[in-house]
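Breakdown of the fold
Chain by chain, the residues:
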Amino acid sequence: MPSLSESVRAKSLLGPKLETPKPHLQKRMPNIKVFSGSSHPDLAQRIVDRLGIDLGKVVTKKFSNLETCVEIGESVRGEDVYIVQSGSGEINDNLMELLIMINACKIASASRVTAVIPCFPYARQDKKDKIFSEAQGKAGNAGASKIVMKNNEWKFRAVQSRAPISAKLVANMLSVAGADHIITMDLHASQIQGFFDIPVDNLYAEPAVLKWIKENIAEWRNSIIVSPDAGGAKRVTSIADRLNVEFALIHKERKKANEVASMVLVGDVKDRVAILVDDMADTCGTICHAAEKVMEAGATRVYAILTHGIFSGPAISRINNACFEAVVVTNTIPQEEHMKDCPKVRCIDVSMMFAEAVRRTHNGESVSYLFSNVPY
């Protein structure tokens, strides 16, 4: 008959094989649901087509007093939910709709809610900046800390503005609404990721841009990548390095928002194809001035490649009248109407990058592969 110590030893050896793992230690991957807001349903449809699933049922409407109403049309209990909503069109309404959709899914017991925001709203309001005012007037004008006399005229010196940091406010709103994760593309300032206390995956359009350049610009080896402002220097140097070509940049000064005062080209573009690269274009004043500048400096042709083509106000007419061979944008913002109104506008589809980011996030895989590769 075995002793007590021997039986205890035998039990301890068999124990790990016989015992079932505790429920809270079992790995659980919830099912996936993708919903679309009203800002960009075409992109959301392309994403789910790539993933091989159906778009989730959701109804968005407005009451007579213009309050937004959202009804999620299917169960999301224990699901891994992704909500696709871009910062375009009626930005304030779309942002509010996104917040309500996140909250609706969260209080309906969704396991995780990820906001897929291809173009992040209010991204340009990311810091308190100095104002360089050229306005002339009497001392005591609001907004200026010092007014000096120069050439017998009163001019305002640079002052610290009392502007809000709206990008941080949007980050707080998304977190409070219940978002667990953010997926976006080409943030205006990558530091915006630090405004969040939740994970943020900032995808890059650069791999898709490189692919487009090599496939559509025959003389890309004799090109030069140009940044229309100093802030985009890191972006153009990265693209220039991967194409093994040179880069240039344009230093600009603004009188006020959406209005450029002066531009200086730094670099040699003579007898080369100039490719202007920027993260977004709104009224297109900067990008059109930059195109004129590089043509005056001797460039043979000019292309513009932009991640977010907002194209508000006089943008389309400016592009039509400018010297571009093509203005290339991604579909982070709907571009169908812009392409109808302007034959120079071309579109790169980035839905496969968002679909792959969603798939990898859902399966717990690394997303960094997408920073330098286009999924096929």
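To be clear, the structure that these remarks concern was listed above.
My aim in this report is to walk through the structure given alongside it, one point at a time. (Residues numbered from 1 in each chain as written. Predicted model: local features only at pLDDT ≥ 70, side-chain atom pairs only at ≥ 80, totals over all residues. Heavy atoms only, no water.)

Right, let's talk about the environment of Asp-282 for a bit. Considering the arrangement of structural elements, one finds Asp-282 in the loop between strand 15 (273–281) and helix 7 (285–296). Among the residues examined, Asp-282 registers a relative accessible area of 14% and is labelled buried. (Helix = DSSP H or I, 4+ residues; strand = E, 2+ residues; numbered from the N terminus. Buried < 20%, exposed > 50% of the residue type's maximum accessible area, 1.4 Å probe, protein only.)

This part is about the sheet that holds strand 5 (residues 112–117). One key point about sheets: their strands pair by backbone hydrogen bonds, in either a parallel or an antiparallel sense. Read from one edge to the other, the open sheet built from 5 strands follows the order 1-4-5-10-11, with strand pairing classed as parallel. The open sheet is flanked by strand 1 (32–36) and strand 11 (200–203), the only strands paired with a single partner. Averaged over all pairs of adjacent strands, the angle between strand axes in this sheet comes to 15°, irrespective of strand direction. One ladder, built from 5 bridges, connects strand 1 with strand 4 (residues 80–84); its direction is parallel. Paired with Ser-36 across the two strands is Val-84, which belongs to strand 4. (Pairing = 2+ DSSP bridges. Axes fitted to C-alpha atoms, helices over the stretch in contact; angles between N-to-C directions.)

Time to look at unusual backbone geometry. Look at Asp-186: it is not a glycine, yet its phi comes out positive at around 45°. With respect to the secondary-structure elements, Asp-186 resides in the loop between strand 10 (181–185) and strand 11. On the accessibility criterion, Asp-186 (10% relative accessible area) is buried. One non-glycine residue, Asp-271, lies in positive phi territory at about 60°.

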